[in-house]
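Residue-level structure breakdown
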Amino acid sequence: MHCYMCKTDFKTLSAYVKHQHDLHNHNKHIKLICSCGGSFSTLRSLQAHWSHFHKSEELHEDIENDKTERREATVEKDYEYEDNASEEHAEDDTFNSSSTNKDLSQEEQMKMFEKRILYMVLTLQTAYYTSEAAAEFVVSSLMELFLVVSTNKLTTTNKKEIKTAKYAYVPFIQSLKNYLELPEVQADTNRVLPAYDPNCIQDTHDGMFARYHSKFSSSTYLKIELNSDNLTVTNPISHRAHSIFFFYWLLLNVARERRSRQSAKRLVDACLKWARKYGSLYHTMDDFLMGMHELSTTGITISINDTDVTYYGGLFLSLGDYSAHMSLNGFKETVSATHFCHLCDIQHNNLEADIDYDFQSTATDEYKRRCDDLDLAGDCNQSFDYLSKKYGMNNRSLFDEVYDVIRQCPFDVMHTLLEGNKVRNLKNPSLMLARRHELWLCVNDHCQDGSLSHAALVDGPNGVVDNRESISDARVQFIIANLPTLPFKPMSMLKVFNSSGYKYSKYSIVNLSKEHFPVMPIVGKIKWIFYDGKNCAFICNL
């Protein structure tokens, strides 16, 4: 074979092809001259010509000889070995000696591995006439396989990925003290609870868990509820979305009509959603956990009317977004595990089709035994993965020492709180939203003169005047004149009246019965709402 550009002769086709590929591959006007005098414009056409017309010229023997020479030269250049074998098996012995050399550094082993792959691809192209498309397919397939191997930690490379997650938290104990100083909260925490009615559960204190608990049965023992929710905020300029988890607490000792408002929910912390995959919840919830420990052991002391009052309390339950809820308590977010439910002691192959089936709850001792098994198998990846999939758990709950994980971690049906916030600056959305929330609470909890507000949780009675029907209407005045039992003189007519967290509208249906579940219920439809600025009366059609 002869290169007319370099005026060089070659003994084998593979050497000629390598020369053309290395030196003249950039030249679009290259001409390849065969030993028979034929002229070709591409390497592929030359290889096809040689395979078709020169099979009898012992091509394969020359190629194998050339391949052996190149392999031996590569091995001798990169690796040291002792030639103790015969000349016939020198190549194989050298290769095995170098590949099993444990003295090579990790970088040297990777270079050796790359050269082996490169040599294999070049051999496929030159010696076995493999097309470029097939070679690219082999390379891409090998890359995918190596990626899978590296992901499963089967290679020598094991680099730990470092992530920086921004989060913001509000000191829990100080926030709780400020909340307890509010007059409305003081009134609710010191109020006399109504007698238990087995026919009507009115609040958490009527539930079986609270009534039979050694501490939560006391009305003065603070019952804290922890909630979580996911909020997605979008940059209006770049349309980049940020998904953030918010954790907030709620004092269940406050009356339900007051704690149902957003002002009764106090922020714990805010963090990016993706950060929970890297164990960040241990850091973001650290202040809250230490605060709960202090509240349940030594208690907190606040000054009420120049008198020091000490409160004790505990975490009553946790509710919230499913993914955050499961992450906080160490359970898997999927239902593919053998024990797919974190509450019921049942396996996926024993699931009953009947929804009314009374499943047995997982015992607390059984939960702790599973956590101990995971802790013991932590150093063995295979055993840990098996137990994790079997139990449906990733780790021990953050609140394992704070409450009963099985009994006080129910499923949440509704978890909407901070939806609808408009965000403009997203450089640090967690800190920005946390500060905005705290500033809003400062304005909500205080009056203009700086004193604590007496209507921080529930606004006073208020209404919206009916602009379609006037109090001076002759028919309305006739009705008022014929209502001798009306205790006040109406000054206006309303279409909406708000009181104690409840909203009454014109034409609404209300329960007029004096019992919770009467045999013959009495209902009415509001026709008029009379108001004098202080008192309110509903005129209903039965």
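The name an unreviewed UniProt entry gives the protein is C2H2-type domain-containing protein, with Rotaria magnacalcarata as the organism.

**Some thoughts on the overall build of the protein**
Broken down by element type, the protein carries 17 helices and 17 strands. The buried share of the protein, taken over its 542 residues, is 37%. For the protein, contacts bridging at least 24 residues in sequence account for 60% of all contacts bridging at least 6. For the protein, the computed accessible surface area is about 33600 Å², with 53% contributed by carbon and sulfur atoms.

**Side note on the packing of aromatic side chains**
Ring pairs (aromatic) are described by centroid distance and by the angle formed between their planes. One pass over the full model with this rule turns up 15 aromatic pairs. Their ring planes at 75 degrees and their centres at 6.5 Å tell us that Phe497 and Phe538 sit as a pair that is edge-to-face. Pair noted here: Phe497 is in strand β13 (residues 492-499) and Phe538 is in strand β17 (residues 536-541), with a separation of 41 residues, a long-range link. Residue Phe497 is classed as buried on the basis of its relative accessible area, which comes to 7%. Overall, Phe538 belongs to the partly exposed group, its relative accessible area being 31%. The interplanar angle of 15 degrees and the centroid separation of 6.4 Å between the aromatic rings of Trp528 and Phe530 together place this pair among those described as stacked. Under the relative-accessibility criterion, Trp528 is labelled buried at 3%. A network of ring pairs unites the aromatic residues Phe172, Tyr179, Trp249, Phe288, Phe399 and Tyr403 as a single cluster. The lysine or arginine in question, Arg211, covers the ring of Tyr196, its NZ or CZ lying 4.1 Å from the ring centre. Above the face of the Trp528 ring, Lys527 is positioned so that its terminal group lies 4.6 Å from the ring centre.

**Brief notes about the sheet that holds strand β7 (residues 241-251)**
Across the sheet, which stays open at both edges, the five strands sit in the order β5-β8-β7-β6-β11 with mixed pairing between neighbours. Strands with a single pairing partner mark the edges of an open sheet, and in this sheet they are β5 (167-169) and β11 (313-320). Each strand axis lies, on average, 20 degrees off the axis of its neighbour in the sheet, ignoring direction. Relative to β11, strand β6 (residues 222-234) runs parallel, the two sharing seven bridges. Bridge pairing in β11 links Asn227 to Leu319. Contacts between helix α7 (residues 172-180) and the sheet are confined to β6, β7 and β8 (266-272), with β7 contributing the most and set at about 55 degrees to the helix.

**A few points about the nonpolar core**
Residues Ile224, Phe288 and Phe399 are the most contacted members of the largest nonpolar core, which totals 57 residues. Setting aside anything within four residues of it in sequence, one finds Phe399 in contact with Leu226, Met285, Phe288, Leu289, Leu315, Leu328, Asn329 and Val405. Judged by nonpolar contacts, the second largest core, of 12 residues, contains Val170, Leu231, Val233 and Leu433.

**Comments concerning unusual backbone geometry**
The phi dihedral of Asp306 is positive, around 65 degrees, even though this residue is not glycine. Here Asp306 shows up in the loop between β9 (300-304) and β10 (307-311).

**Regarding the environment of Gln477**
Tracing the sequence through the fold places Gln477 in helix α17 (residues 474-481). Aside from chain neighbours lying at most four places away, what touches Gln477 is Ile471 and Ser472. Here the side chain of Gln477 touches Ile471 through a polar contact of 2.6 Å, landing on its backbone oxygen.

**Structural notes on a nonpolar patch on the surface**
Together, Met110, Phe113, Leu145 and Phe146 make up a nonpolar patch on the protein surface, roughly 340 Å² of accessible area in all. Those elements giving two or more residues to the nonpolar patch turn out to be α5 (106-126) and α6 (132-151). Along the chain, Phe113 turns up in helix α5. Judged by its relative accessible area of 33%, Phe113 is partly exposed.

**Concerning the packing of α7 against helix α12 (residues 286-297)**
Taken N-terminus to C-terminus, the directions of α7 and α12 make an angle of 55 degrees; their axes are 8 Å apart at the nearest point. The angle between α7 and α12 places the two elements in the oblique class. Of the residues in α12, those in contact with Phe172, Ile173 and Leu176 of α7 are Asp287, Phe288, Gly291, Met292, Glu294 and Leu295. Across the contact of α7 with α12, the residue classes tally to six nonpolar, one polar and two charged.

**Regarding the side chain of Ser318**
As for its placement among the helices and strands, Ser318 is situated in strand β11. Owing to a relative accessible area of 2%, Ser318 belongs among the buried residues under this scheme. For Ser318, the side chain forms a polar contact with the side chain of Tyr403, separated by 2.9 Å. Sequence-distant contacts of Ser318, defined by excluding residues within four places in its chain, comprise Leu226, His325, Asn329, Tyr403, Gln408, Cys409 and Pro410.

**As for the pattern of salt bridges**
In total, this model carries 15 salt bridges according to the counting rule given. A salt bridge links Arg258 to Glu184, with the shortest nitrogen-to-oxygen separation between them at 3.8 Å. Here Arg258 is found in helix α10 (residues 256-259), whereas its partner Glu184 is found in helix α8 (residues 183-189), with 74 residues between them in sequence. The class for Glu184 is buried, based on a relative accessible area of 6%. Among the salt bridges present, the one from Arg259 reaches Asp203, with a minimum N-O distance of 2.5 Å.

Parameters and conventions
Residues numbered from 1 in each chain as written. Predicted model: local features only at pLDDT ≥ 70, side-chain atom pairs only at ≥ 80, totals over all residues. Heavy atoms only, no water. Helix = DSSP H or I, 4+ residues; strand = E, 2+ residues; numbered from the N terminus. Buried < 20%, exposed > 50% of the residue type's maximum accessible area, 1.4 Å probe, protein only. Contact = heavy atoms within 4.5 Å. Areas by Shrake-Rupley, 256 points an atom, 1.4 Å probe, with all protein chains shown as cover. Phe/Tyr/Trp six-rings, centres within 6.5 Å; stacked < 30°, edge-to-face > 60°. Lys NZ or Arg CZ within 6 Å of the ring centre and 35° of its normal. Pairing = 2+ DSSP bridges. Axes fitted to C-alpha atoms, helices over the stretch in contact; angles between N-to-C directions. Core = buried A, V, L, I, M, F, W, Y, C linked by side-chain atoms within 4.5 Å. Polar contact = N/O pair within 3.5 Å; in protein donor to acceptor, adjacent residues only side chain to side chain. Patch = residues over 30% accessible without salt bridge, like charges linked within 9 Å, V, L, I, M, F, W, Y side chains within 5 Å. Salt bridge = Lys/Arg side-chain N within 4 Å of Asp/Glu carboxyl O. Parallel < 35°, antiparallel > 145°, perpendicular 65-115°, else oblique. Nonpolar A, V, L, I, M, F, W, Y, C, P; charged D, E, K, R; others polar.

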